[in-house]
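Structural overview for review
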Amino acid sequence: MTAPAHPTQPRRSDATRAAILRAARERFAADGYERATIRAIAADARIDPSMVMRYYGSKEGLFAAAAEFDLRLPDLAAVSSEQLGEVLVRHFLARWEGDETLVALLRAASTNPGAAERMRGIFAEQLTAAVATFGTDPALTARRAGLVASQILGLAFTRYVVRLPPMVDAEPEELVSWIAPTLQRYLTGLPQT
């Protein structure tokens, strides 16, 4: 077996895929899922639209690939158990405020099954793993993570997608004071029987 002539050079297809994903992330963030088009994404990537379809199959497939998103959750095992709710609310507000990709994914998830599946995956995998690190009962970990996600996604939907005036007008510190106790209860409280 012979080694490739230029083992350190990336393949052209890798560069094309990277250009498509970069253009798609920017276009989806700027226009949202519904208004972004394969043609516009291809133009942004300076390629033919057929190449987008060749690599990703559909707009939904492209969006799911472009929406690979790391929530960059803090290490909850290193957080005082009394501050878990506050730390998570602050973290998520900073993530939503600082990255339009997650907002675009939330917009799309409300109407597109592929985007909804991607959002479920992001929160189920990353948030559940983070909640598992601080010593909660393993039987309750997924439920606790799901309840936290319900609050965080509800906050994001009303503040960044629907843009409900009382939510948009609220300062982050006010939102922390309202929402952190609820997350704290979800993370450390016991369910009532």
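Up top is the structure these notes are about.
A brief look at the structure comes next. Just so you know, these numbers come straight off a predicted model, no measurement behind them.

The next thing to look at is unusual backbone geometry. The bulk of non-glycine residues show a negative phi, and the bulk of peptide bonds are trans. Phi angles above zero are rare outside glycine, and R72 is one such case at about 50°. One can find R72 in the loop between α4 (59-66) and α5 (84-98). R72 sits in the exposed class, given a relative accessible area of 51%. The phi dihedral of R163 is positive, around 60°, even though this residue is not glycine. Looking at the element boundaries, R163 is found in the loop between α8 (138-161) and α9 (165-169).

Bringing the packing of α5 against α8 into the picture now. The geometry of α5 relative to α8 is characterised by a closest axis approach of 11 Å and an angle of 40° between their N-to-C directions. By the criterion of interaxial angle, the relationship of α5 to α8 is oblique. Crossing of α5 over α8 shows right-handed handedness. Contacts between α5 and α8 involve L88, F92, L93, W96 and E97 from the first element and V148, I152, L153, L155, A156, R159 and Y160 from the second. In the contact of α5 with α8, the residues fall into 10 nonpolar, no polar and two charged.

It is the contact of helix α1 (residues 12-35) with helix α3 (residues 49-56), at a shortest axis distance of 11 Å, that shows an interaxial angle of 100°. Relative to α3, the element α1 is oriented roughly perpendicular. Along its contact with α1, which presents S13, T16, R17, I20 and L21, the element α3 presents M51, V52, Y55 and Y56. Among the residues forming the contact of α1 with α3, the class breakdown is six nonpolar, two polar and one charged.

Take the pattern of salt bridges next. Applying the stated rule across the entire model yields six salt bridges. In this structure, R27 and D31 form a salt bridge, with 3.0 Å as the shortest nitrogen-oxygen distance. A residue pair is termed a helical-turn pair when its members lie 3 or 4 positions apart in one helix, as R27 and D31 do in helix α1 at four residues. Note on R27: relative accessible area 22%, which makes it partly exposed.

Right, let's get into α3. Taken together, the buried positions of α3 are V52, Y55 and Y56. Across the axial projection of α3, the buried residues extend over an arc of 80°, all falling on one side. Here the buried face of α3 lies against α1, α2 (38-45) and α4. With its phi angle positive at about 80°, G57 sits one or two positions after the end of α3.

Along the polypeptide, R159 turns up in helix α8. By relative accessible area, which is 7% here, R159 ends up buried. Here R159 is in contact with L93, E97, M167, V168, A170, P172 and L175, once residues within four sequence places are set aside.

Before going further, it helps to spend a moment on α2. Burial in α2 covers these residues: I38, A40, I41, A42 and A45. Looking at the packing, one finds that the buried side of α2 touches α1, α3 and α4. Positive phi shows up at R46, right after α2, with a value of about 60°.

The rules behind these values
Residues numbered from 1 in each chain as written. Predicted model: local features only at pLDDT ≥ 70, side-chain atom pairs only at ≥ 80, totals over all residues. Heavy atoms only, no water. Helix = DSSP H or I, 4+ residues; strand = E, 2+ residues; numbered from the N terminus. Buried < 20%, exposed > 50% of the residue type's maximum accessible area, 1.4 Å probe, protein only. Axes fitted to C-alpha atoms, helices over the stretch in contact; angles between N-to-C directions. Parallel < 35°, antiparallel > 145°, perpendicular 65-115°, else oblique. Left-handed = near helix turned anticlockwise from the far one by under 90°. Contact = heavy atoms within 4.5 Å. Nonpolar A, V, L, I, M, F, W, Y, C, P; charged D, E, K, R; others polar. Salt bridge = Lys/Arg side-chain N within 4 Å of Asp/Glu carboxyl O. Arc of directions from axis to C-beta.

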